[in-house]
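Fold and contact review
Listed below, chain by chain, are the residues.
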Amino acid sequence: MSRWDGKTKGSLLGYKIFLFLINALGLNAAYGLLRMVSYYYYLFAAKPKEALLDFYSKALHVSGKPALVLVRQNFFILGQTLLDRAAFLLGKDKNFTHTFENEQYLLDIRDKGRGGILLSAHLGNWETAGNLLKGRVTPTINIVMLDAEVESIKKFMDLSTGGSRFKIIPIKNDLSHVISIRNALLNNEFVAIHADRYLEGAKYIELDFLGKKAKFPFGPFVIASKFDAPVTFVFAAKDGKFSYHLSATTPIESKMKPEEIAKLYVAELERKVRQYPEQWFNYFNFFQE
């Protein structure tokens, strides 16, 4: 697993079983089955496990039994965040709580009327945490993403839960997503982009990350630098069984070069990885040499 391929893993049968449990018996029952399923992956998913152990060793200098404990936690919490997302879509969200560090920054961006660009990463689950806001910050959040989920799973999730509560801006080869981003910002909407994964062949920027050289996609930082909209780095980590901690950084208001924004982003990402190492959900060789 040298690089990320843009596809969501998981079987259609698995999604059906977990959605049935959430609907019929509640999220606690689904978590119970998940504990067994995630342990199975911990035992037999060799490539993701190897990638995480490599990351923990090189980035955080954690190895041996402590690293294995992190891997097991990682697989279980990833499953929880996916079930939490489904629970929100099914309307089973009454038990969830959250804290939002610097929520006022997003309110200030909204009040400026120019939209806002939210740069995040595959750490925690911003989509679920965004559902907790229920339109308090902005009526519409657009998520820029590769539309590469397995079609049968995506169709089943859409039919079973009504689909995402966010607007999706799919990345296209013809760059039409750039126009969609522009239109969203003109409508004073937020545009969320994950800026930690790049596909092979795409333009990247290489930066120091946790003491090692790592490649990050260049596109999100170009977008953040070109549009006349404030930019902030947002993260949402699970900090309890049914709770999330959301955060936003001081908005970037002035024009900056893509490289400058990227360095600020990586510095904040480093802080979050150290705070929530068990929620680093990148299962490939991040420090590819």
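Computed from a predicted model, the values in this text were never measured in an experiment.

Before going further, it helps to spend a moment on the overall build of the protein chain. Regarding its fold elements, the protein chain presents 10 helices and 9 strands. Here the protein chain holds 289 residues, and 52% of them are scored as buried. The contacts of the protein chain with a sequence gap of at least 6 include a subset with a gap of at least 24, amounting to 78%.

For the rest of this paragraph, the subject is the pairing of strand 8 (residues 231–240). Counting buried positions over the 10 residues of strand 8 gives 8, a clear majority of the element. The pairing of strand 2 (residues 116–120) with strand 8 spans 3 bridges and is classified as parallel. What sits directly across from Leu 119, in strand 8, is Phe 233. Where strand 8 lies against strand 9 (residues 243–248), 6 bridges are found, and the strand directions are antiparallel. Looking at the pairing, Lys 238 lines up with Tyr 244 of strand 9. The hairpin formed by strand 8 and strand 9 contains 2 residues between the paired strands.

So, about the packing of helix 1 (residues 12–24) against helix 4 (residues 64–89). Here helix 1 crosses helix 4 at 55°, and the two axes come no closer than 10 Å. Considered as vectors, helix 1 and helix 4 are oriented oblique to each other. For the crossing formed where helix 1 meets helix 4, the hand is right-handed. Together, Phe 18, Leu 19 and Ile 22 of helix 1 and Leu 83, Ala 86 and Ala 87 of helix 4 make up the contact between the two elements.

One open sheet holds the 7 strands; their spatial order is 1-9-8-2-5-3-4, and the pairing between them is mixed. Strand pairing shows two members of the sheet lacking a second neighbour, strand 1 (97–101) and strand 4 (167–170), which therefore form its edges. Recorded for the sheet is a direction-independent mean angle of 25° between the axes of neighbouring strands. Here strand 3 (residues 141–145) runs beside strand 4; their pairing, made up of 4 bridges, is parallel. When the bridges of strand 4 are listed, Met 145 appears paired with Pro 170. The sheet contacts of helix 9 (residues 219–226) involve strand 2, strand 5 (190–194) and strand 8, and relative to strand 2 the element is tilted by about 155°.

Here the focus is the packing of helix 2 (residues 27–44) against helix 4. Relative to each other, helix 2 and helix 4 sit at 140°, their axes nearing to 9 Å. Here helix 2 is positioned oblique relative to helix 4, judged by the angle of their axes. Where helix 2 crosses over helix 4, the handedness of that crossing is right-handed. Touching Leu 27, Ala 30, Tyr 31, Leu 34, Arg 35, Ser 38, Tyr 39, Tyr 41 and Tyr 42 of helix 2 are Leu 68, Val 71, Arg 72, Phe 75, Phe 76, Gly 79, Gln 80, Leu 83, Asp 84 and Ala 87, all from helix 4.

Scanning the entire structure with this criterion turns up 8 salt bridges. Arg 110 is the salt-bridge partner of Asp 111, the closest N and O atoms lying 3.0 Å from each other. Overall, Asp 111 belongs to the exposed group, its relative accessible area being 54%. The salt bridge partner of Asp 208 is Lys 213, with a shortest N-O separation of 3.1 Å. For Lys 213, a relative accessible area of 47% gives the class partly exposed. When salt bridges with common partners are traced through the structure, they connect Arg 114, Asp 228 and Glu 253 into a single cluster.

Let us now look at helix 8 (residues 176–186). Turning to helix 8, its buried residues are His 177, Ile 181, Ala 184 and Leu 185. End-on view of helix 8: buried residues confined to an arc of 95°, all on one side of the axis. Counted as exposed and oriented over 90 degrees from the buried face of helix 8: Ile 179 and Leu 186. Along its buried surface, helix 8 packs onto strand 2, strand 3, strand 4, strand 5 and helix 9. Directly beyond the C-terminal end of helix 8, a positive phi value near 60° is found at Asn 188.

Within the structure shown, the criterion is met by 25 aromatic pairs. Here the aromatic rings of Phe 55 and Trp 280 are separated by 4.5 Å at their centres, their planes lie at 5°, and the arrangement is stacked. With Phe 55 in helix 3 (residues 46–60) and Trp 280 in the segment after helix 10 (258–275), this residue pair connects regions lying 225 residues apart in the sequence. Each member of the pair, Phe 55 as well as Trp 280, is classed as buried. The ring of Phe 76 is capped by Arg 35, whose NZ or CZ atom sits 4.2 Å from the centre of that ring. Sitting over the ring of Tyr 42, Lys 49 keeps its end group 4.2 Å from the ring centre.

Parameters at a glance
- Residues numbered from 1 in each chain as written.
- Predicted model: local features only at pLDDT ≥ 70, side-chain atom pairs only at ≥ 80, totals over all residues.
- Heavy atoms only, no water.
- Helix = DSSP H or I, 4+ residues; strand = E, 2+ residues; numbered from the N terminus.
- Buried < 20%, exposed > 50% of the residue type's maximum accessible area, 1.4 Å probe, protein only.
- Contact = heavy atoms within 4.5 Å.
- Pairing = 2+ DSSP bridges.
- Axes fitted to C-alpha atoms, helices over the stretch in contact; angles between N-to-C directions.
- Parallel < 35°, antiparallel > 145°, perpendicular 65-115°, else oblique.
- Left-handed = near helix turned anticlockwise from the far one by under 90°.
- Salt bridge = Lys/Arg side-chain N within 4 Å of Asp/Glu carboxyl O.
- Arc of directions from axis to C-beta.
- Phe/Tyr/Trp six-rings, centres within 6.5 Å; stacked < 30°, edge-to-face > 60°.
- Lys NZ or Arg CZ within 6 Å of the ring centre and 35° of its normal.

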